[in-house]
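# A structural walkthrough
Read off the chains here:
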Amino acid sequence: MTEKGTYYISTPIYYPSSNLHIGHTYCTVMADAMARFKRLQGYDVMFLTGTDEHGQKIQLLAEEKGVTPQEYVDEVVAGIKDLWKTMEISYDDFIRTTEDRHVKRVQEMFMKLYEKGDIYKGEYEGWYCTPCESFWTEAQLVDGNCPDCGRPVTKAKEEAYFFRLSKYADDLLKLYEENPGFLEPESRRNEMRAFIEQGLEDLCISRSTFDWGIPVPIDEKHVIYVWLDALTNYITALGWPDDPEKYNKYWPADVHLVGKEIVRFHSIIWPAMLMSADLPLPKQVRGHGWLLLGGEKVSKSKAAKGQDVIDPVVLIDRYGIDALKYFLLREYTFGQDGMFTNEVMLKRLNYDLANDLGNLVSRTVSMIEKYNGGFVPELTEAGSCTGDVDYDAQLKEIAIGAADKVGAQMDEFKFNMALEEIWILVRRANKYIDETMPWALAKDEAMKPRLDNVLHNLAEAIRIISILIHPFMHTTSDAIRKQMGLWYADVAWEDAYTFEAMCGEQVKKGDAIFPRLDIDKELEELYALGAKAKGGSEETNIPLELKDEIQYEDFEKLDLRVGTILSAEKHPKADKLLVFQVKMGTETRQIVSGVAEHFKPEECVGQKVVVVANLKPRKLRGLESKGMILFADNVVDGKERVEFVTSIADDGNPVT
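Residues numbered from 1 in each chain as written. Predicted model: local features only at pLDDT ≥ 70, side-chain atom pairs only at ≥ 80, totals over all residues. Heavy atoms only, no water.

### Thoughts on the sheet that holds strand S13 (residues 285-288)
Threshold: At least two bridges found by DSSP between two strands is the condition for calling them paired. A run of H or I in DSSP counts as a helix once it spans at least four residues, and a run of E counts as a strand once it spans at least two, with each numbered from the N terminus.
Taken together, the six strands give an open sheet; going across it, the order is S3-S2-S1-S12-S13-S7, and neighbouring strands pair in parallel fashion. Strand pairing shows two members of the sheet lacking a second neighbour, strand S3 (93-96) and strand S7 (183-184), which therefore form its edges. Looking at chain direction, S7 and S13 are connected through two bridges and run parallel. Within S13, the position partnered with Glu184 by the bridge is Arg286.

Written as structure tokens, this is what we have:
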């Protein structure tokens, strides 16, 4: 295999506030598939993942449990490593931000920026979200809450060190203009360009109100704040700056793979810090979409609320590692959000894995055992296709052309399309069986050469499939190769380009690669597991999770009116906000709501709604909002969703 150079890919370092869910698994499975693919092609791969372990939230969680922050993160990180071991994630390094190798190098990064003149001491006053470890201005809040997670924020004022992020606004815009491939997909690049053009504020990079963090080297009353600490992991894990051998070998990274909610930090803050430090920028940042559960992003809180099973360990125990990996990579388009449901997953496993791939392997092995004593026949001229349509040539053309097509899709991080290219071959091989009808050929001894060629061609197609799926489902690939008698040969990408490699291998039928599932039965059992995960069962009357009780006098202060939505459009400066024009009797008002993830603007027009009409007006990302439209959480078929609170009363009338 020809050495093709280095390839460095990273996931985000995950925040160990609690156990990971399937959303984290999605990102890591993509990175693992790419790392395995590049290794198979001949690259020297560096695949990095890890954990971001400092911050106020960790300190508070540790205090609640009566342990030290280090003890708290040690326990959670052990669980994360166990999950990646279960998932057979092939990372080359796991970086923890509490490790000495990271701590001292982050302090050196701080000093490098400080000596450049890009760090200064000031005072921060703003709104702080503890779960997100983020500061927000008044204009950035959505309905008074954090624009990222929707949780309440608290007013914070403290002395802090700042990084001159605003200094690098023009350089960042120039980066996007001259090297558009730096940030993909294009929709993320456009979002970041718009964010910068609104005006960058300098970045708070230290805190003095808690001590669970890396001390600021020039002022130990402060700890280095999350993003300078976390982002630097991509080079501290390589030994920068004191042990440069690995750093010089792998940096700059080929790709940082991140969720869309942290693209801003990786494509604005991180390159700005590297510019300040006079270090090369990563070659690319790619922001993937979210997995949605009931219309909302899968999160650690959702993991305890929904009936769809989103614990990857439960799904792996039930269906196997490769089944889960295949579903995550095949079902969703990179960069776009995708809905996760148990039913969608089970149908994908049945149709693609059991019906298509599993059936192809089972039928082929059975026929080779039945018609040729269990040995792959030799290809002969006497057995060539003689009909009007050369089915052999069609199968061969698709088979030996698949590797290049898969590679082209992988280079664009189109995992679903790469797998589709493989399944074009899987489906064509199944069709080839129906076209050539080996069972009919076996009835005529004179057709034995033709039967042998058909069986040989099917074996060759499966051999190539076993190579192509290896980066995505290496366990399945190995199982197929064992059944096909290929146990003696290492998987090599270049072997996917030839169709005449097999002759005389002894096949041996094993267990079904992917047994067919009874979807209705599986859904019922998964639903029960989801209910059990919430602390009850589907028959149990589980109390709703509610906010603190209020008195009747509090409710009596609200003036609720009925209105009709005349128009709805997305907020020009905030993806999560919709701007409504609502008619209530004689008055039409503008109301801004953080529901863009749940409703398309055109779906809202004409909707009768209930409005809190006497709410004090406020500005949300620069647009005034006069009132609040009422929405409510609802559970339909075990899935949560947000709905309008509606009315049939006339516009403007009070709600009584």
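There's more to say after this.
### Focus: a nonpolar patch on the surface
Put simply, the rule is: Note on patches: the residues involved have over 30% relative accessible area and no salt bridge, like charges join within 9 Å, and the nonpolar side chains Val, Leu, Ile, Met, Phe, Trp and Tyr join within 5 Å. Note that accessible areas follow from Shrake-Rupley with a 1.4 Å probe, and for residues the cover is restricted to the protein chains shown. A pair is scored as a salt bridge if a Lys or Arg side-chain nitrogen falls within 4 Å of a carboxyl oxygen belonging to Asp or Glu.
A cluster of nonpolar side chains, namely Ile550, Phe555 and Leu558, defines an oily patch on the protein surface of about 300 Å² accessible area. Here Leu558 is to be found in the loop between helix H20 (552-556) and strand S17 (560-570).

### A few points about the pairing of S3
In regular strands, side chains alternate between the two faces of the sheet. Here is the rule we go by: Exposure classes here rest on a 1.4 Å probe applied to the protein chains alone. A residue is buried below 20% of its type maximum, exposed above 50%, and partly exposed in between.
Both faces of S3 are covered, namely the face carrying Asp93 and Ile95 and the face carrying Phe94 and Arg96. Relative to S3, strand S2 (residues 44-51) is paired through four bridges, and the arrangement is parallel. If you follow Gly50 over to S3, its bridge partner there is Ile95.

### Concerning the pairing of strand S11 (residues 219-224)
Both strand S9 (residues 206-207) and S11 contribute to a ladder of two bridges, which runs antiparallel. Bridge pairing in S11 links Ser206 to Ile224. Examined bridge by bridge, strand S10 (residues 215-216) and S11 share two bridges and lie antiparallel to one another. By the bridge assignment, Val216 is partnered in S11 with Asp219. Count of turn residues in the S10/S11 antiparallel hairpin: two residues.

### A few points about the packing of helix H13 (residues 342-372) against helix H17 (residues 448-468)
Here is the rule: As a rule, the C-alpha atoms of each element are fitted with a line to give its axis, helices using only the stretch in contact, and angles between N-to-C directions run from 0 to 180 degrees. Left-handed describes a crossing whose near helix is turned anticlockwise from the far helix through less than a right angle; right-handed describes the clockwise counterpart. A contact between two residues is defined here by any heavy atoms of the two lying within 4.5 Å. Only Asp, Glu, Lys and Arg are considered charged, only Ala, Val, Leu, Ile, Met, Phe, Trp, Tyr, Cys and Pro nonpolar, and every remaining residue, Gly among them, polar.
At their nearest, the axes of H13 and H17 sit 10 Å apart, and the two run at 145 degrees to each other. The hand of the H13/H17 crossing is left-handed. Each of Leu357, Leu360, Val361, Thr364, Met367, Ile368, Tyr371 and Asn372 in H13 lies in contact with H17, whose residues at this interface are Lys448, Leu451, Asp452, Leu455, Leu458, Ala459, Ile462 and Ile465. Counted by class, the contact of H13 with H17 contains 12 nonpolar, two polar and two charged residues.

### Observations concerning the packing of aromatic side chains
Threshold: Stacked, tilted and edge-to-face pairs are distinguished by plane angle, under 30 degrees for stacked and over 60 for edge-to-face with tilted covering the rest, among Phe, Tyr and Trp rings (Trp via its six-membered ring) whose centres lie within 6.5 Å. Two conditions define a charge located above a ring, namely a distance within 6 Å from the ring centre to NZ of Lys or CZ of Arg, and an angle within 35 degrees of the ring normal.
Using the criterion set out here, one finds 25 aromatic pairs in the structure. Between Phe327 and Tyr332, the aromatic rings sit 5.6 Å apart at their centres with planes inclined by 75 degrees, giving edge-to-face as the arrangement. Exposure class is identical for Phe327 and Tyr332. Each is buried. For the ring pair Phe413 and Phe415, a centre distance of 5.7 Å and an interplane angle of 85 degrees mean the geometry is edge-to-face. Judged by its relative accessible area of 3%, Phe415 falls in the buried class. Counting every residue linked through ring pairs, the aromatic cluster contains Tyr8, Tyr234, Tyr247, Trp251 and Trp270. Looking at Lys81, its charged tip hangs above the ring of Phe94, at a distance of 4.9 Å from the centre.

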